[in-house]
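# Survey of secondary and tertiary structure
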Amino acid sequence: MRDLGAEPPPSEQQSTGRLFSDVGAWRAILLAGLAVTLAFVVTALPIMVSGRNPLLAYWALLRGAVGSVDAVAFAFNKSTPYVLSAVGVAICFRARVINIGSEGQLAVGGVAASWIALHLSQLPSLLLIPVSLVAGGVAGAVWACIAAVMRIKRGVHEVLGTLMLNFVGTLVVSEVLHGTMGEPGAGFPQSPLFPQSAWLPSLFPGTDMHVGIAIAVAAVVATHRLFWHTPFGFRLRLLGSGDNVAAYAGASLVRGMLQVMLIAGGLAGIAGAIEVLGVHYRLIEGFSQGFGFNAVAIALLAALNPLAVLPAGLFFGFLEAGALAMQREIGVPSSLVFVIQGLTMIFVLCAMGVGFKQQRI
Amino acid sequence: MDATVLIELLSATVRIATPLLFVALGGLLSERAGTFAVGVEGMMLTGAFGGAITAFASRSLPAGLLASALSGAAIAAIIALATARFRADHMVTGLAANILAIGLTSFLLRGLFGGKTPVIVLPTLRPLAVPFLSGLPIVGQVLFDQPALTYAAFLLTIPIHFFLMKTRAGLTLRAVGENPAAAFSVGADPIRVRVAAIVACGALAGLGGAVLSLQELGTFTDGMTHGRGFIALAAIIVGRWMPFRVMFGCLLFGAASALALNIQGWGLPVSSYVIQMTPYLIALAVLCGIGRRARMPAAIGKSFTRS
């Protein structure tokens with residue numbers, strides 16, 4: 001790529017396609033399984049270095065993830081924002097837009113939803129919740145749009161743009177909590193509790209599992225339909241193919257980038273709204289920590305397939321829920337999850353790199 | 001503005017630019033050889049961690065410095081293997097390495113000390129006044145009364161410039177970043193050159209982390225690099241991939257941060273969170289200002305296969 005802003009001529013695009021090349025469903029599943037297994041095997045090393053038995057740690061992790069109804073409900077809640085933001089990241093990557101800004105988009109989405117929940121609290125629940133969710137989505141989309149416009153107008157690579165905006169977005173949460181939206185007298189930077197009418201209802205009465213997961217599933221199915229069964233999705237796939245096919249077919253790179261960023265930002269913003277409305281019932285400092293990286297890891301594990309994001313996202317949700325329980329029970333730090341995630345990503349990326357059909361330069 | 005404020009601002013500029021410069025010089029090597037250096041954040045964090053726990057356990061600062069370079073290089077070796085050997089995507093692999101670094105450092109910090117977060121307190125590197133020169137007005141205090149790693153970072157720019165621009169090996173490295181096939185045809189091994197460049201980048205970025213843990217703060221905390229690696233990447237773009245210009249890019253971001261920190265002291269009604277946002281906002285503004293004029297190494301981000 002000679003110039004970050006302009007689309008490089010096709011002759012220079014040959015080997016940049018390895019992230020985006022399509023693999024068959026069975027190969028994708030095999031690849032994902034292999035990557036995860038390898039990641040667990042390698043992660044045993046640092047566990048042993050810290051003087052623990054990896055098998056015991058993994059057993060505690062498994063028990064923590066699926067050991068009780070409450071644990072499962074907790075894990076589903078954990079997975080919800082991951083699935084939503086990862087499905088957006090997946091279609092961005094498909095269109096060759098490396099959006100790693102879910103964290104910032106999620107953060108501002110949470111702020112917008114919280115503002116609505118606190119300021120329009122006289123609205124009935126049936127209106128308040130959708131309005132809050134939409135506000136979150138719009139805020140996330142606007143946030144993503146900033147990075148897209150910087151790329152399109154000024155050639156600032158979206159990786160740097162979205163990364164920097166992650167830090168800014170997270171600080172926006174701190175800023176509003178120490179400013180107008182903070183709870184006076186609370187020891188922790190948080191907003192006042194939302195009125196009950198803004199709380200997401202639970203999916204199954206008697207559990208903590210909120211309706212967010214249903215929204216996530218709907219988003220996955222809708223994105224899948226959009227991507228594979230509409231002219232819009234076809235244009236995105238053309239952009240992702242990396243050949244001059246897209247240009248011949250009249251698909252605009254600029255428009256495509258703007259569209260996928262808006263969709264991904266919107267989904268991440270809704271994820272942020274769900275997190276505050278369904279889990280914390282208030283805005284909390286740092287609630288978006290690590291979500292953006294999760295989203296990228298999940299999208300990769302799903303081989304950038306919107307439908308496969310659901311199982312991949314659930315896997316990481318259960319993994320994290322299990323890790324938190326493991327930390328509580330046997331004192332193995334839950335940051336182990338990041339080790340597993342990072343390694344899984346690297347293995348998937350290597351497999352994609354090697355699997356891509358070799359081309360001459 | 002009186003002289004003391006000015007001196008304070010300028011020495012804060014140099015201080016803040018120091019870790020950025022180590023990381024940017026490393027990233028420069030990696031990117032000049034054709035690999036995006038998104039992983040520098042992780043290399044820096046690992047370096048800060050390796051340096052801190054080694055210095056803490058051995059009570060030796062030199063051992064800590066060595067360990068920080070080695071731990072940065074270790075993470076870099078993983079990236080090098082994945083990108084150069086297995087042709088994995090540079091951007092996303094770098095990101096994955098960053099996640100891995102966050103996880104490993106946080107896990108080992110607790111795991112090595114029996115599940116609890118240890119309180120690591122280290123003696124920080126003290127400023128060393130250069131005899132005679134430090135007596136100069138303003139310049140003396142700003143440039144010649146700094147801790148050892150600061151001198152090292154700025155002096156290092158010279159040999160790196162010399163290496164890249166004046167030696168045969170530097171020419172080969174740049175050739176691999178511009179046109180690996182051509183470099184290959186005259187006998188260079190692009191994969192080996194890239195691996196070496198990335199590992200060197202890791203060692204330098206690791207030292208950048210050591211600046212934070214051993215010189216500035218004297219401790220290690222989770223994710224303590226706070227995106228400084230990414231700011232260093234912006235400094236590379238500002239410096240158009242040239243060592244001395246990159247140094248000025250780092251000083252520019254250092255000055256911006258120093259100014260933002262000082263504004264707080266002047267009692268202006270700006271919240272500390274807005275101040276914390278400024279480095280990222282300034283980096284974005286500068287990148288937008290440069291626009292499309294930045295010309296990156298031609299083959300950056302592209303894999304090389306021998307076939």
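The model shown is predicted, which means the values in this text are computed figures rather than measured ones.

A count of helices and strands for chain B gives 12 helices and two strands. Counting from the amino terminus, chain B carries its helices and strands in the arrangement α-α-α-α-β-α-β-α-α-α-α-α-α-α. Whereas a compact globule of 307 residues would reach a radius of gyration of roughly 19 Å, chain B reaches 19 Å, a difference of no more than 12%. Here chain B, with 307 residues, has 54% of them falling under the buried criterion. Sequence separation of at least 24 residues holds for 75% of the intrachain contacts in chain B that already meet a minimum separation of 6.

This brings us to the overall build of chain A. A count of helices and strands for chain A gives 13 helices and zero strands. Across chain A, helices and strands are ordered from the amino to the carboxyl terminus as α-α-α-α-α-α-α-α-α-α-α-α-α. Sorting the 361 residues of chain A into buried and exposed places 56% on the buried side. If you take every contact in chain A between residues at least 6 apart in sequence, the share linking residues at least 24 apart comes to 78%.

Here we come to the packing of helix 8 (residues 231–241) of chain A against helix 10 (residues 253–280) of chain A. Residue and element names in this part refer to chain A. Contact geometry of helix 8 with helix 10 gives a least axis separation of 10 Å together with a crossing angle of 115°. Overall, the two elements helix 8 and helix 10 adopt an arrangement that is roughly perpendicular. Crossing handedness for the pair helix 8 and helix 10: left-handed. Two secondary-structure elements touch here, helix 8 through Arg235, Leu236 and Leu239 and helix 10 through Leu253, Gly256 and Val260. The residue inventory of the contact of helix 8 with helix 10, partitioned by class, reads four nonpolar, one polar and one charged.

Moving on: the interface of chain A and chain B. Of the residues lining the interface, 54 residues belong to chain A; the matching set on chain B comes to 55 residues. Within the residue set of the side of chain A that touches chain B, elements represented by two or more residues are helix 1 (25–49), helix 5 (125–154), helix 6 (158–178), helix 11 (291–301) and helix 13 (336–355) of chain A. Among the elements that line the side of chain A that touches chain B, the one with the most residues is helix 13 of chain A, at 14 residues.

Counting residues in each nonpolar core, the largest one holds 233 residues, and the members touching the most others are Ile298(A), Ala299(A), Val309(A), Leu349(A), Ala24(B) and Ala235(B). The element that contributes the greatest number of residues to this core is helix 9 (residues 190–216) of chain B, accounting for 16 residues. Setting aside chain neighbours within four positions, we find Ala24(B) in contact with Ala232(B), Ala235(B), Ile236(B), Val246(B), Gly249(B) and Cys250(B).

Next up on the list: helix 10 (residues 228–238) of chain B. Counted residue by residue, helix 10 of chain B has 11 buried out of 11 residues, so it is predominantly covered. Structurally, helix 10 of chain B contributes buried residues whose contacts are with helix 6 of chain A together with helix 1 (3–32), helix 2 (40–58), helix 9, helix 11 (243–265) and helix 12 (272–290) of chain B. Arg240(B) lies just past helix 10 of chain B and shows a positive phi near 50°.

A separate point is unusual backbone geometry. Residue and element names in this part refer to chain B. Its identity as a non-glycine residue notwithstanding, Arg59 has a phi of 55°, on the positive side. Checked against the element boundaries, Arg59 lands in the loop between helix 2 and helix 3 (61–85). Here the phi dihedral of Arg240 falls at roughly 50°; this positive angle occurs in a residue that is not glycine. Here Arg240 lies in the loop between helix 10 and helix 11.

By secondary structure assignment, the location of Phe204(A) is in the loop between helix 6 and helix 7 (212–229). Along the chain, Phe204(A) and Ala73(A) lie 131 residues apart, while their C-alpha atoms are 9.5 Å from each other.

All names here are of chain B. It is at 10 Å that the axes of helix 3 and helix 4 (residues 90–111) come closest, and there the two elements cross at 150°. Overall, the two elements helix 3 and helix 4 adopt an arrangement that is roughly antiparallel. By crossing handedness, the relation of helix 3 to helix 4 is classed as right-handed. Between helix 3, through Ile75, Ile78, Ile79, Ala82 and Thr83, and helix 4, the contact on the second element is made entirely by His90, Thr93, Gly94, Ala97 and Ala101.

Once that is clear, we can look at the confidence of the model for chain B. Residue and element names in this part refer to chain B. Scored by pLDDT, chain B comes out at a mean of 90, with 98% of its residues at no less than 70. Of all the helices and strands in chain B, helix 5 (residues 139–143) carries the lowest mean pLDDT, 81, while helix 9 carries the highest, 96. Scored as a whole, the predicted complex attains pTM 0.90, and scored at its interfaces, ipTM 0.91.

Rules used throughout
- Chains are numbered independently. Their residues run from 1 in the order of the written sequence.
- Note on labels: chains are lettered from A, ligands numbered from 1, in written order.
- In keeping with the model being predicted, local features are shown solely for residues with a pLDDT of at least 70 and side-chain atom pairs are shown and tallied solely at 80 or more, while totals for entire chains, interfaces and linings include all residues.
- Runs of E in the DSSP output that reach at least two residues are strands. Runs of H or I that reach at least four are helices, and both are numbered from the N terminus.
- Values of the radius of gyration come from C-alpha atoms, whereas the globule rule sets the reference at 2.2 Å times the count of residues to the power 0.38.
- Buried means a residue has 20 or more other C-beta atoms within 10 Å of its own C-beta, exposed means 12 or fewer, and partly exposed covers the counts in between; C-beta atoms are placed from the backbone.
- We call two residues in contact whenever the C-beta atoms placed from their backbones are within 7 Å.
- A fitted line through C-alpha atoms serves as each axis, taken over the contacting stretch for helices, and the angle formed by two N-to-C directions is quoted from 0 to 180°.
- Any angle from 65 to 115 degrees is called roughly perpendicular, while one under 35 is roughly parallel, one over 145 is roughly antiparallel, and all others are oblique.
- Helix crossings are classified by the rotation of the near helix relative to the far one: an anticlockwise turn of less than a right angle makes the crossing left-handed, while a clockwise turn makes it right-handed.
- Only Asp, Glu, Lys and Arg are considered charged in this grouping, and only Ala, Val, Leu, Ile, Met, Phe, Trp, Tyr, Cys and Pro are considered nonpolar; every other residue, Gly among them, is considered polar.
- The term nonpolar core refers to a group of buried residues, namely Ala, Val, Leu, Ile, Met, Phe, Trp, Tyr and Cys, whose C-beta atoms join them within 7 Å.
- Per-residue confidence from the predictor is given as pLDDT, running between 0 and 100.

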